[in-house]
Amino acid sequence: MSLQTTEQTVSPAFAPAGGGCGAGSCGSTASQMNGLSDEVRAKVQDHPCYSEDAHHYFARMHAAVAPACNIQCNYCNRKYDCANESRPGVVSEVLTPEQAVKKTLAVAAHIPQMSVLGIAGPGDPLANPQRTFATFRQLAEKAPDIKLCVSTNGLALPECVDELARHNIEHVTITINCVDPDIGAKIYPWIFWKNQRVRGREAAAILIEQQQKGLEMLVARGILVKVNSVMIPGVNDEHLKEVSRIVKAKGAFLHNVMPLIAEPEHGTFFGLMGQRSPTADELKALQDACEGNMNMMRHCRQCRADAVGMLGEDRGAEFTMEKVEAMEIDHEAALARRQAFREKANAELEAKRARAHAPAPTTQVVTFHRPARKPQGRPVLMAVATKGSGVVNEHFGYAREFLVYEATEAGVKLIGHRKTDKYCGGSETCGDGESRIDRIIRALEGCEVVLCSRIGIEPWGALEAAGICPNVEHAMEPVEEAVMAVWRSLLEAGKLGGVGQGERRA
Ligand code: CLF
Ligand code: SF4
């Protein structure tokens, strides 16, 4: 039997004993930016959806200027937001392009993190081309620093690609749920095509052809394409691996597999038929399976078609048209604030990426020979309370959502988020008899640690009793580094299958 020779760089402080993460964090956040050309990097570095680490810093808003749709999806009820890019919830106001521009400028004046304006509904933006392009045209003139983004079902995409390119749109999302018309027929009952309603398999075949053609045309023009797919258990879940493979081969930049939302009260076909949504585990397993093929988006919040603010927060109520009309805005000062914020945030992000790839500060090179070994420790899911800037900075009691990270010897990876009710404030129960802490514990299922800046004694005890260990030791530290540090301490304590007490150390 031959022995494999390894040369390793090990730190006296912590020796991963076989490669792995060293002192910095790693995982999808940093690796996603690796290998990008300067041109692509410039397009994604401050886009909260196209860059995972940018979503800790930058905000987007959606202008709800597109009420009509040219297809029917079985997960959509037009009374609610477009499920392409939104969670169900009535759009507060459908705006004219002029109103949308006013609102965007108002939001950009009050939220310096704002970097992207997206049009994502409540219907399909490209089924409302005049309204959509009038909005883009005016915004490109009045706020050229704001990136423009659009999300579409793809049916009208090929005929709009030139216009999108003319408006300098750098980011387009296509919702592609299938590449097989037989599966498509279970998702789309009809499309409106060349002034006629087309149904069943024929409808799905036309939609698929248009989506694929639109994807190829966008890629040929250098426009970044994100593909969204709704995971519908028993309908397209297995098939989405094939979708991932094909869209990657055609040049899509990112794939975002989202869980079906099908509550009966939303009145959608799937909701009324009892079609279930995937579990968090099922979603993760599919995302992991697709990841072999391409970059996966894990931080999508399925936001409303009129969402405002950082991903995961909704500040729409601060910017109703009534309030916007009454605002007095100094646009030049607002632009200067945005530019100053961007410079600072991009500098922080660059520093974070550099740290993630730098060798440990006290590193020394030790060369030795030994057999190849199995990875140490098992994966651990950890929930993190953060309110932005990529650090552990939220009080447990104020968190409305937790980011969930998977830590392994190889690094830290964001795998999703879990929404909850705030622990603090309001009545102790949530209206259905379940206490707030019980609901949070249920939302955190599978997580073994929760990192936050502070936490009260009562929730601490309840979490511990449920097998979730609260941790405030890493308050204000970068999230990935904090998660990695906790994982290492668990490993050192022999709680992860053990680093092996006799393991070689430098
Ligand atoms: Fe909006 Fe979509 Fe542009 Fe983002 S959302 S149009 S790409 S600016 Fe983002 Fe929201 Fe997920 Fe969409 S988190 S639903 S992926
Ligand atoms: Fe609804 Fe969007 Fe589907 Fe149209 S494309 S039916 S608006 S989910």
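Note: the structure precedes this text.
### Details of the overall build of the chain
If you tally the helices and strands in the chain, you get 15 helices and 17 strands. Each of the 506 residues in the chain was classed as buried or not, and the buried ones make up 56%. Long-range contacts, defined as pairs at least 24 residues apart, comprise 73% of the intrachain contacts of the chain with a sequence gap of at least 6. By element, 51% of the accessible surface of the chain is carried by carbon and sulfur atoms, the whole surface being about 21,700 Å².

### Some points on the pairing of strand β9 (residues 224–231)
By the criterion of burial, β9 is predominantly enclosed, with 8 of the 8 residues buried. Side chains L224, K226, N228 and V230 project from β9 onto one buried face, and the interleaved V225, V227, S229 and M231 project onto a second face that is buried too. Pairing of strand β6 (residues 171–175) with β9 involves 5 bridges; the strand directions are parallel. Opposite I174, over in β9, you have V227 as the bridge partner. In terms of strand pairing, β9 meets strand β10 (residues 254–259) through 6 bridges, oriented parallel. Along β10, the bridge assignment pairs S229 with V257.

### Points about the layout of surface pockets
Each pocket or cavity is described by its volume, and for the largest pocket that value is around 1,400 Å³. If you trace the largest pocket, you find 39 residues lining it, with P259, A280, H417, R418 and K419 closest to the centre. Sorting the residues of the lining of the largest pocket by element identifies β10, α10 (280–291), β15 (411–419) and α13 (436–443) as the ones contributing at least two each. Each residue belonging to the lining of the largest pocket can be placed in one class, and the counts come to 16 nonpolar, 11 polar and 12 charged. Built from parts of two domains, the lining of the largest pocket gets at least three residues from each of domain 1 (30–320) and domain 2 (378–505). Taken together, 18 residues form the lining of the second largest pocket, with G312, E313, T386, K387 and E401 sitting closest to its centre. In terms of residue count, the dominant contributor to the lining of the second largest pocket is strand β14 (residues 401–408) (3 residues). Looking at the lining of the second largest pocket, its residues break down into 7 nonpolar, 5 polar and 6 charged. For the lining of the second largest pocket, the two domains that each supply at least three residues are domain 1 (30–320) and domain 2 (378–505).

### Observations regarding the packing of aromatic side chains
Taken as a whole and judged by the stated rule, the model has 6 aromatic pairs. Centre to centre, the rings of F269 and F270 are 6.1 Å apart; their planes meet at 55°, and the pair counts as tilted. Given a relative accessible area of 43%, F269 falls into the partly exposed group. Judged by centre distance (6.1 Å) and plane angle (50°), the ring pair of F396 and Y423 falls under tilted. Taken as a pair, F396 in the loop between β13 (380–384) and β14 and Y423 in the loop between β15 and α13 lie far apart in primary sequence, 27 residues in all. What makes Y423 partly exposed here is its relative accessible area of 23%. An aromatic cluster is present here, built from F396, F402 and Y423 joined pairwise through their rings. One Lys or Arg, R197, reaches over the ring of W190 and ends 4.1 Å from the middle of that ring.

### Focus on the side chain of S435
Relative to the elements of secondary structure, S435 occurs in the loop between β15 and α13. By relative accessible area, which is 13% here, S435 ends up buried. Separated by 3.1 Å, the side chain of S435 and the backbone nitrogen of D438 make a polar contact.

### Considering unusual backbone geometry
Backbone torsion omega between G121 and P122 reads 10°, so that peptide bond is classified as cis. Mapped onto the elements, P122 comes out in the loop between β4 (114–119) and α4 (129–142). We note that S389 has phi near 65°; this positive angle belongs to a residue other than glycine. Looking at the element boundaries, S389 is found in the loop between β13 and β14.

### Regarding the packing of helix α8 (residues 240–249) against α10
Running from amino to carboxyl end, α8 crosses α10 at an angle of 35°, the nearest separation of the two axes being 9 Å. The two elements α8 and α10 cross, and the hand of that crossing is right-handed. In this structure, α8 uses L240, K241 and S244 to contact α10, whose residues at the interface are L286, A289 and C290. Class assignment of the residues belonging to the contact of α8 with α10 gives a composition of 4 nonpolar, 1 polar and 1 charged.

### Examining the packing of helix α3 (residues 97–110) against α4
Look at α3 against α4: their axes get within 9 Å of each other, and the N-to-C directions meet at 40°. Comparing the axis directions of α3 and α4 gives the class oblique. Here α3 and α4 pass one another in a crossing that is right-handed. In this structure, α3 uses P97, E98, A100, V101, T104 and L105 to contact α4, whose residues at the interface are R131, A134, T135, Q138, L139 and K142.

### Brief notes about the pattern of salt bridges
Enumeration according to the criterion identifies 28 salt bridges in this entry. Of the charged contacts in the structure, one is a salt bridge between D288 and K413, with a shortest N-O distance of 3.6 Å. One end of the pair, D288, is in helix α10; the other, K413, is in strand β15, with 125 residues separating them in the sequence. When its relative accessible area of 28% is taken as the criterion, D288 is described as partly exposed. Overall, the relative accessible area of 17% leaves K413 in the buried class. In this structure, the salt-bridge partner of K413 is E291, at a minimum N-O distance of 3.0 Å. Residue K413 is found in strand β15, and its partner E291 is found in helix α10; the two are separated by 122 residues along the sequence.

### With respect to the sheet that holds β14
What the 5 strands build is an open sheet, ordered β15-β14-β13-β16-β17; its pairing is mixed. The two strands at the open ends of the sheet, each matched to only one other strand, are β15 and β17 (469–471). In this sheet, neighbouring strand axes are inclined to one another by 25° on average, regardless of whether the strands run parallel or antiparallel. Summarising the sheet, β13 and β14 pair through 5 bridges and their orientation is antiparallel. Bridge pairing in β14 links L381 to E406. Strand contacts of α10: β14 and β15, with the helix running at about 140° to β15, the strand carrying the most contacts.

Rules and cut-offs
Residues numbered from 1 in each chain as written. Chains lettered and ligands numbered in written order. Predicted model: local features only at pLDDT ≥ 70, side-chain atom pairs only at ≥ 80, totals over all residues. Heavy atoms only, no water. Helix = DSSP H or I, 4+ residues; strand = E, 2+ residues; numbered from the N terminus. Buried < 20%, exposed > 50% of the residue type's maximum accessible area, 1.4 Å probe, protein only. Contact = heavy atoms within 4.5 Å. Areas by Shrake-Rupley, 256 points an atom, 1.4 Å probe, with all protein chains shown as cover. Pairing = 2+ DSSP bridges. 1 Å grid on protein atoms, 1.4 Å probe; cavity = no way out; pocket = protein on both sides within 12 Å on 5 of 7 lines; lining within 4 Å. Points joined across faces, edges and corners; volume = space filled by probe spheres on them. Nonpolar A, V, L, I, M, F, W, Y, C, P; charged D, E, K, R; others polar. Domains from an automatic or database assignment. Phe/Tyr/Trp six-rings, centres within 6.5 Å; stacked < 30°, edge-to-face > 60°. Lys NZ or Arg CZ within 6 Å of the ring centre and 35° of its normal. Polar contact = N/O pair within 3.5 Å; in protein donor to acceptor, adjacent residues only side chain to side chain. Axes fitted to C-alpha atoms, helices over the stretch in contact; angles between N-to-C directions. Left-handed = near helix turned anticlockwise from the far one by under 90°. Parallel < 35°, antiparallel > 145°, perpendicular 65-115°, else oblique. Salt bridge = Lys/Arg side-chain N within 4 Å of Asp/Glu carboxyl O.

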